[in-house]
Amino acid sequence: MSSPALSTRERILQTSANLILSRGFSAMTVDMICAQANITKGGFFHHFNNKEVLGEAVLQQFWQDATERQARVTQAPYARQLDRIVAYLDHAIATYQDPQLGQGCMLAVFTMGLADTNPGLFQVSRDYFNQWRLELTDMFKQLQEEQGQESLDTAAWAELYIATLEGALVLAKANADPLVIARTLTLYKQQLLRAIAA
């Protein structure tokens with residue numbers, strides 16, 4: 001059950017996020033949300049016109065939380081861009097040991113589960129994925145310039161990071177092994193450092 005200290009809107013968002021990660025968006029119902037958040041349907045519809053509006057709000061909250069976590073690391077001062085990227089990776093390794101975050105990626109759940117059934121929410125999740133990819137690519141372009149390595153494929157390294165993290169989250173859930181996230185992201189970091197040193 002959700003914490004009574006949270007506002008009704010926050011309880012709905014938190015409960016919905018947990019249900020989406022455990023059951024998927026399509027399987028989640030307003031009745032489930034109301035029961036688990038301990039609210040009435042009227043309370044639900046006071047905050048959200050429908051399930052799709054709620055889904056977009058859940059995605060927005062997920063993205064905002066992720067962006068704020070990442071910004072605390074990437075916006076700190078670093079002597080080199082390589083140090084910034086290593087700090088970003090170390091932060092991800094530590095952060096995803098949190099059982100709540102290790103449940104999965106909301107973007108992946110929406111992208112995989114709604115591509116054919118809910119084009120609107122699929123597009124929202126796709127847009128966030130693309131924004132993430134572009135931000136990472138920009139980080140790697142700065143590294144490429146700093147290191148003078150024209151051969152560094154900035155888009156591929158960005159995409160490999162996303163694929164590594166998303167795949168690790170799936171494996172962690174499938175095998176009830178959250179340490180797979182740390183293992184795979186550590187390997188990614190080691191491979192990146194080898195590529196830079198080469």
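These numbers come from a predicted model, not from an experiment. (Residues numbered from 1 in each chain as written. Predicted model: local features only at pLDDT ≥ 70, side-chain atom pairs only at ≥ 80, totals over all residues. Heavy atoms only, no water.)

A. Representation of the packing of helix H8 (residues 154-175) against helix H9 (residues 179-197). Viewed as axis vectors pointing N to C, H8 and H9 meet at an angle of 160°, and their least axial separation amounts to 8 Å. Taken as axis vectors, H8 and H9 run roughly antiparallel relative to one another. Taken as a pair, H8 and H9 cross one another with a handedness that is right-handed. Here H8 contributes Trp157, Leu160, Tyr161, Thr164, Leu165, Ala168, Leu169, Leu171 and Ala172 to the contact with H9, which in turn contributes Val180, Ile181, Thr184, Leu185, Tyr188, Gln191, Leu192 and Ala195. (Axes fitted to C-alpha atoms, helices over the stretch in contact; angles between N-to-C directions. Helix = DSSP H or I, 4+ residues; strand = E, 2+ residues; numbered from the N terminus. Parallel < 35°, antiparallel > 145°, perpendicular 65-115°, else oblique. Left-handed = near helix turned anticlockwise from the far one by under 90°. Contact = heavy atoms within 4.5 Å.)

B. Seen up close, the packing of aromatic side chains. Throughout the structure, instances matching the rule amount to nine aromatic pairs. Here tryptophan 157 and tyrosine 188 contribute two aromatic rings whose centre-to-centre distance is 5.5 Å and whose plane-to-plane angle is 75°, an arrangement assigned as edge-to-face. Taken together, the residues tryptophan 157 in helix H8 and tyrosine 188 in helix H9 connect sequence positions 31 residues apart. The class for tyrosine 188 is buried, based on a relative accessible area of 3%. An aromatic cluster is defined as three or more aromatic residues linked by ring pairs; in this entry it consists of Tyr88, Phe129, Trp132, Trp157, Tyr161 and Tyr188. Directly above the aromatic system of phenylalanine 25 lies the positively charged group of lysine 51, at a separation of 4.7 Å from the ring centroid. (Phe/Tyr/Trp six-rings, centres within 6.5 Å; stacked < 30°, edge-to-face > 60°. Buried < 20%, exposed > 50% of the residue type's maximum accessible area, 1.4 Å probe, protein only. Lys NZ or Arg CZ within 6 Å of the ring centre and 35° of its normal.)

By themselves, these figures tell us nothing about what the structure is for.
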